[in-house]
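Working through the structure, step by step
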Amino acid sequence: MYLPSFRLDGQKVIVTGAGRGIGRALAIGLAEAGADIALLSRTKEDLEETAKYIKDLGREALIVPTDVTKREDIKESLNHIVGKWGKVNVLINNAGMNIRSKALDVTDEEWQKIMDTNLKSTFMMSQEVGKIMKETNTDGKIISISSVAGTVALRTGVVYAATKAAMIQMTKVLAMEWGQYNICVNSIGPWYFKTPLTEKLLADPEYLHEILSVTPLNRVGELQELVGPTVFLASEAGNYVTGQTIFVDGGMSIKGF
Ligand SMILES: NC(=O)C1=CN([C@@H]2O[C@H](COP(=O)(O)OP(=O)(O)OC[C@H]3O[C@@H](n4cnc5c(N)ncnc54)[C@H](O)[C@@H]3O)[C@@H](O)[C@H]2O)C=CC1
Ligand SMILES: C[C@H](O)[C@@H]1OC(=O)[C@H](O)[C@@H]1O
């Protein structure tokens, strides 16, 4: 038999930024594959709707209000999760934000907020969950949501791009260091998907036309098209993949001329 399982039955998964957008879609998709999900975001209200959907699937959903830019928040939340579950099989570092300033206009505050929300949070979550996976001898999966902005130059902000490029490189180094603990570390790099982060931009016909002009598949992605690669990496089917970034981008990152 050569076909591995793509199911996640019995797996305990943490998703950050799970209240809306990509994080919500991934949380629900991973639950549809059989996983129980710990939902982390800053506001409890954001998470309640996602949690209800997951519980209606017959899966467990833990609502864990957490600011992932704060180490103490992360540690307290992980203590709560491990106290209930005893382990973490999969971490999805999804929480992120952007302030689309031109490079000459970036303020120190903007730099810090984007760096903390996108990059520092990913490292702190990975570090704390990596410790748990090592200590509980759990074959773990860590999947970070980077972006095509981390590999090609976009007009959507130099600081955001720097955080996403750093996430791609961090994925490689953590994969190298943690392979000995059987922890796979990978990244998913999306192009445009319609979420609260991007919906205003995508509603502009001219901007959308420009996006499609550099996208071989000539359309923006559907959220379930991010769920598939994520479930693959989180499941047994992805057990020999580590240090990689899968660009889910309609071909945008390879389009030349
Ligand atoms: N939507 C898109 O087209 C693309 C999105 N991405 C990335 O995907 C990820 C999700 O993006 P979207 O769903 O579009 O964004 P979104 O703005 O719709 O959702 C972001 C989520 O992160 C949460 N969050 C923000 N700061 C947080 C903090 N300090 N602590 C805890 N949670 C926090 C928000 O509450 C929200 O639930 C981000 O990392 C983004 O950079 C990457 C490429 C394209
Ligand atoms: C594709 C990028 O990750 C995405 O595009 C935007 O406008 C967002 O701010 C992100 O940069």
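In this text the structure is predicted, and so the values were computed from the model without any measurement.

Between its terminal C-alpha atoms helix α3 (residues 71-85) stretches 21 Å, which fits the 21 Å expected from 15 residues at 1.5 Å a residue. Looking at the buried side of α3, the elements it contacts are β1 (12-16), β2 (36-41), β3 (61-65) and α4 (108-135). Just beyond α3, the residue with positive phi is Gly86, at close to 80 degrees.

To continue, consider the UniProt feature "domain: Ketoreductase" (unreviewed entry) in the protein chain. UniProt records the feature "domain: Ketoreductase" (unreviewed entry) for residues 11-194 in the present numbering. In the segment residues 11-194, helix accounts for 48% and strand for 17%; the C-alpha atoms at its two ends are 28 Å apart.

Bringing the site of ligand 1 into the picture now. Lining the immediate surroundings of ligand 1 are 28 residues, of which Ile22, Asn94, Tyr160, Phe193 and Thr195 lie closest. The separation between an oxygen atom of ligand 1 and a polar side-chain atom of Arg20 is 3.0 Å. A distance of 2.8 Å separates an oxygen atom of ligand 1 from a polar atom in the backbone of Phe193. Here ligand 1 has 820 Å² of accessible area as a free molecule, and 97% of this is covered by the chains. Counting only elements with at least two residues in the shell around ligand 1, the list comes to α1 (21-32) and α5 (158-178).

Once that is clear, we can look at the site of ligand 2. The immediate surroundings of ligand 2 are formed by Asn98, Arg100, Ser147, Leu154, Thr156, Tyr160, Trp191, Tyr192 and Leu201. Between Asn98 and ligand 2, the recorded distance is 2.8 Å, taken from a side-chain N or O atom to an oxygen atom. The contact in question runs from an oxygen atom of ligand 2 to an N or O atom on the side chain of Tyr192, over 2.8 Å. Summarising the interface, the protein chains cover 96% of the accessible area of ligand 2, which totals 300 Å² for the free molecule. Residues that form the shell around ligand 2 fall into these classes: five nonpolar, three polar and one charged.

Here we come to the sheet that holds β1. Within the open sheet, the seven strands sit side by side as β3-β2-β1-β4-β5-β6-β7. Their pairing is parallel. The open sheet terminates on both sides in strands that have one partner only, identified here as β3 and β7 (245-248). For this sheet, the mean angle separating the axes of adjacent strands, direction not counted, is 15 degrees. Against the sheet, α4 touches β1, β2, β4 (90-93) and β5 (141-145), its axis set at about 175 degrees to β4.

The next point concerns the packing of α4 against α5. How two helices sit against one another is set out by the angle between their axes and by the gap between those axes. Where α4 contacts α5, the axes come no closer than 9 Å and their chain directions differ by 15 degrees. Classed by the angle they form, the pair α4 and α5 counts as roughly parallel. In the packing of α4 onto α5, the handedness of the crossing is right-handed. For the pair α4 and α5, the contacting residues are Trp111, Ile114, Met115, Asn118, Leu119, Thr122, Phe123, Ser126, Gln127 and Gly130 in the first and Val159, Tyr160, Ala162, Thr163, Lys164, Ala166, Met167, Met170, Leu174 and Trp178 in the second. The residue inventory of the contact of α4 with α5, partitioned by class, reads 13 nonpolar, six polar and one charged.

Among the nonpolar cores identified, the biggest contains 33 residues, and Ile14, Ile81, Met125 and Val129 are the most heavily contacted of them. Those elements that provide at least two residues to this core are β2, β3, α3, α4 and α5. No other element matches the eight residues that α4 contributes to this core.

Attention shifts here to the side chain of Asn118. Position of Asn118 relative to the elements: it lies in helix α4. At a separation of 3.2 Å, a polar atom in the side chain of Asn118 contacts the side chain of Thr163. Excluding residues that lie within four positions of it along the chain, Asn118 makes contacts with Ala95, Gly96, Met97, Tyr160, Thr163, Lys164 and Met167.

This part covers the pairing of β5. In terms of burial, β5 is a largely internal element, five of the five residues being buried. Where burial is concerned, the two faces of β5 agree: the one with Lys141, Ile143 and Ile145 and the one with Ile142 and Ser144 are both buried. For β4 and β5, the ladder comprises four bridges, and the chain directions are parallel. Following the sheet pairing, Leu91 is matched in β5 by Ile142. Each parallel crossover has a hand, and for β4 linked through α4 to β5 it is right-handed. Here β5 pairs with strand β6 (residues 184-190) via five bridges, running parallel. In the sheet register, Ile145 faces β6, and the bridge partner there is Ile188.

The rules behind each value
Residues numbered from 1 in each chain as written. Chains lettered and ligands numbered in written order. Predicted model: local features only at pLDDT ≥ 70, side-chain atom pairs only at ≥ 80, totals over all residues. Heavy atoms only, no water. Helix = DSSP H or I, 4+ residues; strand = E, 2+ residues; numbered from the N terminus. Expected span 1.5 Å × (residues − 1). Contact = heavy atoms within 4.5 Å. UniProt positions renumbered as here; feature names shortened; annotations may be inferred. Near = heavy atom within 4 Å. Polar contact = N/O pair within 3.5 Å; in protein donor to acceptor, adjacent residues only side chain to side chain. Areas by Shrake-Rupley, 256 points an atom, 1.4 Å probe, with all protein chains shown as cover. Nonpolar A, V, L, I, M, F, W, Y, C, P; charged D, E, K, R; others polar. Pairing = 2+ DSSP bridges. Axes fitted to C-alpha atoms, helices over the stretch in contact; angles between N-to-C directions. Parallel < 35°, antiparallel > 145°, perpendicular 65-115°, else oblique. Left-handed = near helix turned anticlockwise from the far one by under 90°. Core = buried A, V, L, I, M, F, W, Y, C linked by side-chain atoms within 4.5 Å. Buried < 20%, exposed > 50% of the residue type's maximum accessible area, 1.4 Å probe, protein only. Right-handed = clockwise from strand over helix to strand, strands pointing away.

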